Amino acid sequence: MPTVLGQNQYGKAETRVVRVTRDGPVHHIRDLNVSIALSGAMDDVHLSGSNARVLPTDTTKNTVFAFAKEHGIASAEEFAVRLARHFVTGQEAIGTARIRIEEYAWDRIPVPGPGGHSFVRRGRETRTAQVTFDSGGAAGERWQILSGLKGLVVMNTTDSEFHGYVKDRYTTLPETRDRILATEVNACWRHVRDGEGGGGEEGKAGWDERYERTRGHLLAAFAETYSLSLQQTLYAMGSRVIEQTPGIDEIRLSLPNKHHFLADLRPFGLDNDNEVYFAADRPYGLIEATVLRDGATAAVPVDLTNLP
Ligand SMILES: O=c1[nH]c(=O)c2[nH]c(=O)[nH]c2[nH]1
């Protein structure tokens, strides 16, 4: 025989599972990316095509969701140990299981009152700035100062509904009264008065402080808005920045809807009371709009992806 089979392994890579644990109004989340690699007596499937010893990779994915429901996710290590033991002890053909997990860290967004269902992903955002100075000739100098951020990932584990939308013959989306709302905030705001800022305290604040305040308004509005759509949340975020900041006349927001689908655990005899979600990365809804102070003229570019 001219060839022999060398090392081989198989399994489902990058199962994105989000587990929500509800402690009254205070929610806890674990957000994992789980990759499973199984190996053992798998010569037949490679050499003859017999699947008699192959536990489908789809099953390994289902196991991740079912275990998240049944056992919770106390830690990535504990979850991985449980999965590894399950595959190796449960399947005669499997001698080795390698479970790799990436865990994404989330911090709470502080809100007034006892609530606790709003989170921001740690360490992902980038602050941006773009300054344009035009000598203007006879018309005089013109400045445009834009500030912004991209990659600020946020999540509400409740207080989000989506229903009452148009349904045509291709609509299959079920209406929901309680869903996860997650997005990556990409925003660009324009400072008034040649970049000097508005009057009052806001005008005296340095750029760093203004940035922190604006970021804070975006987070607070996301966390505190009971959402009937991401569009409504977007407008609440933009309005809050404009209303709270005399020095900003315009803000554009580009918000990908980071869909979290409830894992269907019914085939395994498990219910899923908004606890276990599949975090899909694409396709995603993309909700974009500019919010302006009444009377202001729009000047922030529509396509934020071309900003720095
Ligand atoms: O907040 C949302 N807005 C939409 O326009 C939309 N469309 C969709 O399928 N899901 C959602 N969610």
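Quick note: structure is the one above.
Everything in this summary refers to the structure shown in the same document. (Residues numbered from 1 in each chain as written. Predicted model: local features only at pLDDT ≥ 70, side-chain atom pairs only at ≥ 80, totals over all residues. Heavy atoms only, no water.)

**Here's the deal with the sheet that holds strand E2 (residues 26–40)**
- One open sheet accounts for 5 strands, arranged E3-E2-E1-E11-E10; its pairing is antiparallel. On the outer flanks of this sheet lie strand E3 (94–103) and strand E10 (260–262), each paired with one strand and no other. Looking at each pair of strands side by side, their axes are set apart by 35° on average, direction ignored.
- Each of strand E1 (15–23), E2 and strand E11 (276–279) is contacted by helix H2 (residues 57–71), which is oriented at about 10° to E1, the strand it contacts most. (Pairing = 2+ DSSP bridges. Helix = DSSP H or I, 4+ residues; strand = E, 2+ residues; numbered from the N terminus. Axes fitted to C-alpha atoms, helices over the stretch in contact; angles between N-to-C directions. Contact = heavy atoms within 4.5 Å.)

**Quick notes on the packing of H2 against helix H3 (residues 76–90)**
- Orientation of H2 relative to H3, taken along the N-to-C sense of each, is 125°, at an axis distance of 11 Å. As far as their axial angle goes, H3 and H2 are oblique. Here H2 and H3 pass one another in a crossing that is right-handed. Of the residues in H3, those in contact with Thr-60, Thr-63, Val-64, Phe-67, Ala-68 and His-71 of H2 are Phe-79, Arg-82, Leu-83, His-86 and Phe-87.
- Of the residues belonging to the contact of H2 with H3, the class tally is 6 nonpolar, 4 polar and 1 charged. (Parallel < 35°, antiparallel > 145°, perpendicular 65-115°, else oblique. Left-handed = near helix turned anticlockwise from the far one by under 90°. Nonpolar A, V, L, I, M, F, W, Y, C, P; charged D, E, K, R; others polar.)

**Overview of the site of the ligand**
- The full set of residues close to the ligand is Phe-162, Leu-173, Arg-179, Ser-229, Leu-230, Gln-231 and Asn-257.
- At 2.7 Å from an oxygen atom of the ligand is found a main-chain nitrogen or oxygen belonging to Leu-230.
- In isolation the ligand has 290 Å² of accessible area, and contact with the protein removes 70% of it.
- Among the detected pockets, the ligand sits in the second largest pocket.
- Here the residues of the shell around the ligand are counted per class, giving 3 nonpolar, 3 polar and 1 charged. (Near = heavy atom within 4 Å. Polar contact = N/O pair within 3.5 Å; in protein donor to acceptor, adjacent residues only side chain to side chain. Areas by Shrake-Rupley, 256 points an atom, 1.4 Å probe, with all protein chains shown as cover. 1 Å grid on protein atoms, 1.4 Å probe; cavity = no way out; pocket = protein on both sides within 12 Å on 5 of 7 lines; lining within 4 Å. Sits in = over half its atoms within 2 Å of the grid points.)

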